[in-house]
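Inside the fold
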Amino acid sequence: WALFQEAGLVEKLRFPGVIGCTDGTHIPIIAPSVNEGDYVNRKSFHSINVQIICDAANIITNVEAKWPGSVHDSQIFRECTLSTKFGHGEFTGYLLGDRGYPCLPYLLTPYSDPEPGPQQRYNLANCRTRARVEMTIGMLKARFQCLQRLRVTPERACDIIVACVILHNIATIRGEHCPSEPNISSDPNHEHPDPPTDIQDGSAVRDTICHNHFL
C-alpha cells in the first residue's frame, strides 16, 4: 500500500492517513446466456461491476472483478476480503469512497448534506483526492479499449479485466505513456446511488478528522 502522502496529496489537501481510494466501474459485456437479468445494471445494459482501489501513483492495489452489474457498490465492498482485513485491523489508515459506499471507520465518504465550513472543506478534499481513482480507471480503459465492451462470457470477462489491471500496473511502474489523456470526470457507465440502509458506523471517525484537520 503506497501512502498518498508519498505523492504530496496529504500535505496539499490536508487529508491524513489515506492509503487508497476506491470506486466502481461498469465494464459492458454481451448478454450472457445464464442468469442474464443479474447482469443488467441501473442504466439497463449488461455489465460486470468492478471495484477498483488505487494508490497515489495510479497503481491498482486491489480489484474485485466478479460481480454482475446489478450488484451495488456497497455490497461488493462489504463482501470483499479487503473489507474483512480492514475490519480486523490489519491495515492502518483510511480508504476514501463516494456516497455509493457506507461510511465506515476505515472507509470515509462525503457528508450527504455538509454544513458550511469544516464539513464543506472536508467534502472538497475528499472529492479532490478521490479524483485519483477516477483518473486511474480512465487510464485503464484508455490502455485497453477492449474494456469498452467485452464480447465473451462473464467468467471470461472477469479474467480479462484482471489481466488488464495487471498489465496496467506493469505499464505504470515502467512509466509507459498512456495512449490518450484520461477523462477524470465521472464515469458515464457508473452511477453513485446512495447505499442501502445498513451499518454506517464511521461517522464518529469522520467527524473527528473533520474537526481536527478542516477547521
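Residue numbers run consecutively from 1 along every chain, following the written order of its sequence. Local features in a predicted model are, by the rule used here, given only for residues with pLDDT of at least 70; side-chain atom pairs are given and counted only at 80 or more, and totals for whole chains, interfaces and linings are based on all residues. The basis for every side-chain value is the complete set of non-hydrogen atoms in the structure, without hydrogens or water.

Thoughts on the overall build of the protein
The number of helices and strands found in the protein is six helices and five strands. Secondary structure counts use DSSP, requiring at least four H or I residues in a row for a helix and at least two E residues in a row for a strand, with both numbered from the N terminus. Reading the protein from its N end, one meets helices and strands in the order α-β-β-β-α-α-β-β-α-α-α. The proportion of buried residues among the 215 residues of the protein is 50%. Whether two residues are in contact is decided by their heavy atoms, any of which lying within 4.5 Å being enough. Taking contacts inside the protein between residues at least 6 apart in sequence as the whole, the part at least 24 apart equals 67%. For every residue, the accessible area (1.4 Å probe, protein chains only) is compared with the maximum for its type, and the residue is labelled buried under 20%, exposed over 50%, or partly exposed between those bounds.

Side note on the nonpolar core
Within the largest apolar cluster, 32 residues are counted, with the highest numbers of intra-cluster contacts made by F15, I48, I52, L140, L147, L150 and I161. Of all the secondary structure elements, the ones that give two or more residues to this core are β1 (18-28), β2 (47-54), β3 (60-68), α4 (118-143), α5 (154-173) and α6 (203-213). Once residues within four sequence positions are removed from consideration, I161 is found in contact with I27, I48, V50, A65, L147 and L150. Residue types Ala, Val, Leu, Ile, Met, Phe, Trp, Tyr and Cys, when buried and joined through side-chain atoms within 4.5 Å, form a set referred to as a nonpolar core.

Details of the pattern of salt bridges
The term salt bridge refers to a side-chain nitrogen of Lys or Arg lying within 4 Å of a carboxyl oxygen of Asp or Glu. Per the stated rule, a full pass over the model turns up two salt bridges. Its salt-bridge partner being R174, residue E176 comes within 3.5 Å of it at the nearest N-O pair. Overall, the relative accessible area of 63% leaves R174 in the exposed class.

Overview of the sheet that holds β2
Strand order in the open sheet formed by five strands is β3-β2-β1-β4-β5, with mixed pairing between adjacent strands. Each end of this open sheet is capped by a strand with a single partner; those strands are β3 and β5 (107-108). In short, DSSP must find at least two bridges between two strands for them to pair. Taken together, the two bridges between strand β4 (residues 94-96) and β5 define a ladder with parallel strand orientation. What sits directly across from L96, in β5, is L108. Strand contacts of α4: β1, β2, β3, β4 and β5, with the helix running at about 50° to β1, the strand carrying the most contacts. Think of each axis as a best-fit line through the C-alpha atoms, taken over the contacting stretch in the case of a helix, with angles from 0 to 180 degrees between the N-to-C directions. Sheet contacts for α5: β1, β2 and β3; angle to β3, the most-contacted strand, approximately 170°.

Quick word on unusual backbone geometry
Phi at S44 is positive, roughly 70°, even though this residue is not glycine. Within the fold, S44 resides in the loop between β1 and β2.

A few points about the packing of aromatic side chains
Any two aromatic rings considered together are summarised by their centre-to-centre distance and by the angle between their planes. Whether two aromatic rings pair depends on their centres lying within 6.5 Å, for rings of Phe, Tyr and Trp, where Trp uses its six-membered ring; planes under 30 degrees apart make the pair stacked, over 60 edge-to-face, and the rest tilted. Counted under the stated rule, the structure contains six aromatic pairs. Note on F77 and Y106: the rings are 6.3 Å apart at their centroids and 35° apart in plane angle, and the pair reads as tilted. Here Y106 lies in the loop between β4 and β5 and F77 lies in helix α2 (residues 73-79), a separation of 29 residues in the sequence. Considered together, F77 and Y106 belong to a single accessibility category, that of buried residues. Between Y122 and F214 the ring centres are 5.8 Å apart and the planes differ by 85°, which places this aromatic pair in the edge-to-face class. Of this pair, Y122 sits in helix α4 while F214 sits in the segment after α6, placing them 92 residues apart in sequence.

By themselves, these figures tell us nothing about what the structure is for.
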